[in-house]
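Reading the structure
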Amino acid sequence: MAIVPIGDVVLAAVDPVRGALGQTDQEHLLPARELQALSFIVHIPIVCFGIAFPAMFLFVEGLWLRTGNPVYKALAKRWSKIALVLFAVGVVTGTILSFEFGLLWPNFTATFGDVFGLAFALEGISFFVEAIFIAIYVYGWDRLPRRTHFLVGIPVVIAGLTGSLTVLTVNGWMNNPRGFDLVNGKVVNPQPFTALFGGNVWHELVHMYLAGYMVVGFLVAGYYGRRWLKGRRDHYTRTAMIVGLTFAALAAPVQVVVGDWAARTVAEKQPVKLASFEGLGKTTKGAPFHIGGYYSDGEIRAGIAVPKLLSLLAFHDPNATVKGVETVPEADRPPVNVVRTSFMVMVSVGSALMALGLWFLVLWWRRGRLPRSPWFYRALMAAGPLALLALISGWVTTEVGRQPWVVYKYMRTEQAVTDADGLWLAFGVMVVVYAALIAATGWLLRRLASTSAADEIPEHG
Amino acid sequence: MTLALICLVLMMAGLTAYAVLGGADFGAGLWDLTAGGDEGGGRLRGMVQRSMSPVWEANHVWLIFVIVVLWTAFPVAFGSVFSTLYVPLFLAVGGIIFRGTAFALRGQAATINEARALGATFASTSLLVPFFLGAALGGIASGRVPVGNATGDPWSSWLNPTSLTVGFLAVVTGAHLAAVYLAGDSVRAELPDMERAFRARALTSGVVAGVAAIGALPILASDAPDLFSGLDHGLGLASVVASGLCGAATLALVVASRFALARATSAAAVVAVVIGWAAAQKPDLLPGALTLEQAAAGDTVLAGLLGGLTVGALILIPSLVYLYRLVLRGTLDQAYEPMDQRFVPTPRDDSDGEDA
Ligand code: HDD
Ligand code: HEM
Ligand code: HEM
């Protein structure tokens with residue numbers, strides 16, 4: 001360990017890991033970081049559809065199998081086609097990410113690849129299964145027997161879960177590394193299973209998985225909610241909206257509980273990250289939580305303090321002692337304001353979305369009807385983009401909060417980076433490429449939307 | 001066999017699968033590119049679209065498989081390769097984005113101009129990706145990747161005779177494989193004109209690939225003598241000969257319109273090349289820089305990896321068999337639709353009205 005904090009006294013040691021490819025020049029850190037973050041910001045929202053959409057269209061297909069109502073079939077078919085397109089985009093953006101492990105962070109992979117690599121091998125299997133069965137599912141409509149067709153969808157759902165699990169084992173390990181020994185700066189005796197399943201993976205998995213359902217559910221519900229508000233109140237639109245909304249509304253309250261679990265794990269395993277969530281400079285007993293404001297010189301300025309709330313949130317005890325950012329030297333602190341702001345955004349959005357979900361759930365449960373207020377539908381249209389915002393903010397919280405380490409307390413991000421040149425050029429190119437990719441995908445989704453499935457059903461029965 | 005060797009064999013098997021299956025998908029792009037004007041080319045393009053749609057994503061995953069096995073089992077080699085060969089690899093991954101997206105979108109194009117723009121992107125990037133990946137492999141095989149973080153030359157490591165040769169071979173081999181498969185698919189789809197068209201292409205590209213492969217030998221001999229010296233005896237030589245025989249057999253089978261068998265022999269030709277390459281490079285993973293045993297991760301990791309892959313294979317193999325069986329039986333076949341005629345207004349054939 002580099003740092004041995006004793007109260008607020010700090011003992012700094014030399015960097016413990018020697019990179020397997022030697023020391024790097026570090027001059028490329030900024031573009032590499034930006035490129036990595038950009039790539040994630042494109043990949044992660046798309047894969048939410050790989051996580052959550054299959055369960056939704058299978059649910060709708062199940063309704064069709066039970067009732068025989070063609071509206072359900074039309075909807076499930078439509079959604080599965082969209083899922084296939086988004087899957088393709090997920091595949092290409094995911095491929096970029098795997099290349100980036102080598103193109104941007106060769107020393108990280110060279111040094112620790114044996115410790116965490118197994119997870120990606122298993123991930124590859126998951127995505128293989130997903131690719132195979134989603135193709136059979138989509139191209140098999142009307143060609144496979146009904147029950148077989150439904151069953152073919154199930155591996156897609158499972159693979160979305162196991163695929164996320166394996167990726168997140170790696171991230172959980174980077175945040176809470178274990179499963180190897182350091183001898184004279186060399187990583188030896190790697191124990192992949194200990195490494196992967198002993199880290200912070202479990203809260204990350206549940207939190208990310210639910211986030212997928214919230215993002216997709218609210219985006220879908222918002223899309224059909226807009227049509228609803230415009231007066232298109234047919235069975236198709238109503239079903240589509242309610243299915244999306246139900247998945248998202250059920251996930252939203254649970255997400256807050258899981259977020260609390262995440263925060264408590266971070267408090268225990270990464271105290272400096274937790275301190276950055278709040279901007280807590282000095283170690284404090286009964287630490288307050290500030291709303292708004294900004295962090296500067298070890299304290300929050302211009303924020304509203306809620307006494308003891310941070311202690312309560314982090315340890316479920318209003319008088320618990322919370323470690324401050326200043327327990328580690330300047331060089332070992334993450335950029336507090338970035339982490340804090342994104343954390344605040346995530347938590348605010350999470351609370352608002354929970355309220356929105358509960359509004360729907362309670363009415364539905366008690367009165368068996370949809371909300372009548374147009375404001376509900378307006379809020380619903382905003383909810384999807386907000387959930388996306390929370391998703392990205394959450395990842396910024398986790399990843400930037402981990403800085404300056406790539407492997408928490410073992411390897412600095414600057415040690416991991418490539419010595420290759422031209423990264424700004426690559427970054428510029430990728431900005432253009434991603435912009436084109438997003439534009440093209442948006443174009444395609446609009447194209448799919450313009451051939452309306454709903455219009456066709458009433459005429460044909 | 002040591003664990004490292006088993007992992008290497010698996011990785012090479014994955015690479016072969018990618019070269020054969022993914023390579024054919026890239027090759028289909030070449031035929032798309034050269035199909036000609038909208039009128040005549042539309043039929044060929046429709047065939048490419050129809051054959052590739054259900055399988056290309058699964059075929060692509062082999063590449064991911066190779067990469068993750070490489071970084072898990074041979075992390076230092078992975079870091080060295082990716083940091084030195086960053087230019088071709090970056091270009092290849094850029095091409096992968098464009099190709100995949102353009103292909104997925106083309107199926108939804110509604111006007112001829114959209115279809116043209118997307119088709120051109122799909123087809124041209126289909127040439128670039130195998131070329132750059134082949135060039136990267138050529139850089140490795142000719143010993144131009146040293147161990148270290150971007151310590152090799154970023155340009156001459158892939159702009160050299162061996163790399164250019166391997167890149168070119170990757171493109172033509174893919175084209176040949178694609179033509180063989182597409183000819184077979186045309187028979188199944190009962191489109192005799194397509195069968196003739198792809199049969200002719202399979203023959204031409206097969207001859208080009210064969211000539212290029214023979215022409216490659218003197219280039220390797222002068223540019224990569226170490227590699228070449230592994231090919232002139234023993235397993236290396238046997239593989240080269242086997243590959244040539246398989247290639248010739250493929251041509252004969254194509255002439256005879258026995259496409260199912262030609263599929264197998266054309267794939268076998270690629271398998272033989274990969275085996276020959278591995279034999280020639282033995283015992284090095286990065287020639288002159290790193291042996292397989294030096295590069296290998298510890299036995300716990302390799303055993304874990306093999307265990308994981310075994311479990312994975314138990315799931316994956318039946319799944320793949322199921323997919324390809326459905327594909328080859330035609331269950332997943334989409335109605336064949338030439339890529340130009342969609343844009344001619346036709347009566348909608350929505351029998352059940354649910355097809356959105
Ligand atoms: C729809 C998205 C979404 C919503 C509504 C929330 N989160 Fe979140 N959060 C994420 C999406 C997310 C994520 C998927 O982006 C992250 C990144 C890493 C992870 O495991 O989940 C995350 C990370 C993350 C972390 C850091 C975990 C770590 O570093 O290991 C904490 C402490 C929280 N969240 C806490 C919360 C709380 C208290 C919320 C509610 C009030 C909340 N999140 C709502
Ligand atoms: C929050 C983190 C991540 C999640 C939840 C996630 C999840 C997924 C999912 C569900 C897919 C399937 C494709 C789709 O549904 O569109 C996918 C594809 C992919 N992801 Fe990610 N991913 C994450 C991060 C990463 C990272 C860090 C990498 C790389 C190193 C990566 C590499 C890939 C690859 C290579 C694919 C394509 C697989 C294929 O060819 O089918 N992902 N990801
Ligand atoms: C499974 C694995 C991983 C997931 C899910 C993940 C997720 C993310 C996300 C969402 C971001 C965006 C944060 C931002 O906007 O700054 C990010 C940033 C970043 N990630 Fe990761 N990451 C993973 C693995 C990695 C790996 C392997 C590396 C490097 C070796 C890495 C290094 C970084 C860096 C340097 C940033 C930018 C941080 C900054 O701007 O300060 N991450 N990651």
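See the structure above.
Treat the numbers as computed from the prediction; the structure is a model and nothing was measured.

Examining the site of ligand 1
Residue and element names in this part refer to chain A. Close to ligand 1 lie 24 residues, the nearest being His203, His207, Lys273, Met346 and Leu391. Here a nitrogen atom of ligand 1 sits 2.9 Å away from a polar atom, N or O, in the side chain of histidine 207. Here an oxygen atom of ligand 1 sits 3.3 Å away from a polar atom, N or O, in the side chain of threonine 398. Taken together, the elements giving at least two residues each to the shell around ligand 1 come down to α6 (201–229), α7 (235–269), α8 (271–278), α10 (336–367) and α11 (374–402). Taken together, the residues that form the shell around ligand 1 break down as 15 nonpolar, seven polar and two charged.

Some details on the site of ligand 2
What surrounds ligand 2 is a group of 25 residues, the closest being A:His43, A:Gly50, A:Gly94, A:Phe127 and A:Trp395. With respect to ligand 2, the side chain of A:His43 contributes an N or O atom lying 3.0 Å from a nitrogen atom. Elements that contribute at least two residues to the shell around ligand 2 include exactly α1 (29–67), α2 (70–103), α3 (106–139) and α4 (146–175) of chain A together with α3 (56–73) of chain B. A per-element tally of the shell around ligand 2 places α2(A) first, with nine residues. The residue inventory of the shell around ligand 2, partitioned by class, reads 16 nonpolar, seven polar and two charged.

Overview of the coordination of the iron atom of ligand 1
All names here are of chain A. Here the iron atom of ligand 1 is held by His207 (NE2) and Met346 (SD), and the distances to it run 2.1 to 2.3 Å. Seen from the iron atom of ligand 1, its six donor atoms lie at angles of 83 to 179 degrees, and the figure they make is octahedral. Placement of the pair is histidine 207 in helix α6 and methionine 346 in helix α10, with a sequence separation of 139 residues. We classify methionine 346 as buried; its relative accessible area is 18%.

Quick notes on the packing of helix α5 (residues 86–106) of chain B against helix α6 (residues 112–141) of chain B
Residues and elements named next belong to chain B. Contact pair α5 / α6: the axes reach a minimum separation of 7 Å and the direction vectors enclose 150 degrees. Here α6 runs roughly antiparallel to α5, going by the angle between their axes. Along this stretch, α5 crosses α6, giving a crossing that reads as left-handed. Of the residues in α6, those touching α5 at Pro88, Leu89, Leu91, Ala92, Gly95, Ile96, Phe98, Arg99, Ala102, Phe103, Leu105 and Arg106 are Ala115, Leu118, Gly119, Thr121, Phe122, Thr125, Ser126, Val129, Phe132, Leu133 and Ala136.

Observations concerning the environment of B:Ala4
All names here are of chain B. Positionally, alanine 4 belongs in helix α1 (residues 3–33). Look at alanine 4 and you get buried, because its relative accessible area is 2%. Distance from alanine 4 to glutamine 294, taken between C-alpha atoms, is 9.7 Å for residues 290 residues apart in sequence. If near-sequence neighbours (up to four positions away) are discounted, alanine 4 is found in contact with Phe74, Leu292, Glu293, Ala296 and Leu302.

Points about a nonpolar patch on the surface
Where nonpolar side chains cluster on the molecular surface, the patch consists of A:Phe193, A:Phe197, A:Trp202 and A:Trp261 and spans about 390 Å² of accessible area. By secondary structure assignment, the location of A:Phe197 is in helix α5 (residues 192–197).

A look at the packing of aromatic side chains
Tallied over the entire structure, the rule returns 43 aromatic pairs over all chains. Ring geometry for A:Phe101 against A:Phe108: centres 6.1 Å apart, planes inclined by 55 degrees, an arrangement best described as tilted. A:Phe108 matches A:Phe101 in its accessibility class, with the two residues each being buried. Here A:Phe277 and A:Phe343 contribute two aromatic rings whose centre-to-centre distance is 4.3 Å and whose plane-to-plane angle is 10 degrees, an arrangement assigned as stacked. Taken together, the residues span a long stretch of sequence, with A:Phe277 in helix α8 and A:Phe343 in helix α10 at a distance of 66 residues. Neither residue differs from the other here; A:Phe277 and A:Phe343 are each classed as buried. Members of the aromatic cluster, each reached through a chain of ring pairs, are A:Phe99, A:Phe101, A:Phe108, A:Phe112, A:Phe116, A:Phe120, A:Trp173, A:Phe180, A:Tyr410, B:Trp71, B:Phe78 and B:Phe82. The aromatic ring of A:Trp375 is capped on one face by A:Arg378, whose charged end is 4.6 Å from the ring centroid. Lying across the ring of A:Trp405, A:Arg412 places its NZ or CZ 4.5 Å from the centre.

What counts, and at which threshold
- Residues numbered from 1 in each chain as written.
- Chains lettered and ligands numbered in written order.
- Predicted model: local features only at pLDDT ≥ 70, side-chain atom pairs only at ≥ 80, totals over all residues.
- Heavy atoms only, no water.
- Near = heavy atom within 4 Å.
- Polar contact = N/O pair within 3.5 Å; in protein donor to acceptor, adjacent residues only side chain to side chain.
- Helix = DSSP H or I, 4+ residues; strand = E, 2+ residues; numbered from the N terminus.
- Nonpolar A, V, L, I, M, F, W, Y, C, P; charged D, E, K, R; others polar.
- Donors = N, O, S within 2.8 Å, 3.2 Å for Na, K, Ca; no water.
- Tetrahedral: all angles 85-135°; square planar, octahedral: opposite > 155°, others 65-115°.
- Buried < 20%, exposed > 50% of the residue type's maximum accessible area, 1.4 Å probe, protein only.
- Axes fitted to C-alpha atoms, helices over the stretch in contact; angles between N-to-C directions.
- Parallel < 35°, antiparallel > 145°, perpendicular 65-115°, else oblique.
- Left-handed = near helix turned anticlockwise from the far one by under 90°.
- Contact = heavy atoms within 4.5 Å.
- Patch = residues over 30% accessible without salt bridge, like charges linked within 9 Å, V, L, I, M, F, W, Y side chains within 5 Å.
- Areas by Shrake-Rupley, 256 points an atom, 1.4 Å probe, with all protein chains shown as cover.
- Salt bridge = Lys/Arg side-chain N within 4 Å of Asp/Glu carboxyl O.
- Phe/Tyr/Trp six-rings, centres within 6.5 Å; stacked < 30°, edge-to-face > 60°.
- Lys NZ or Arg CZ within 6 Å of the ring centre and 35° of its normal.

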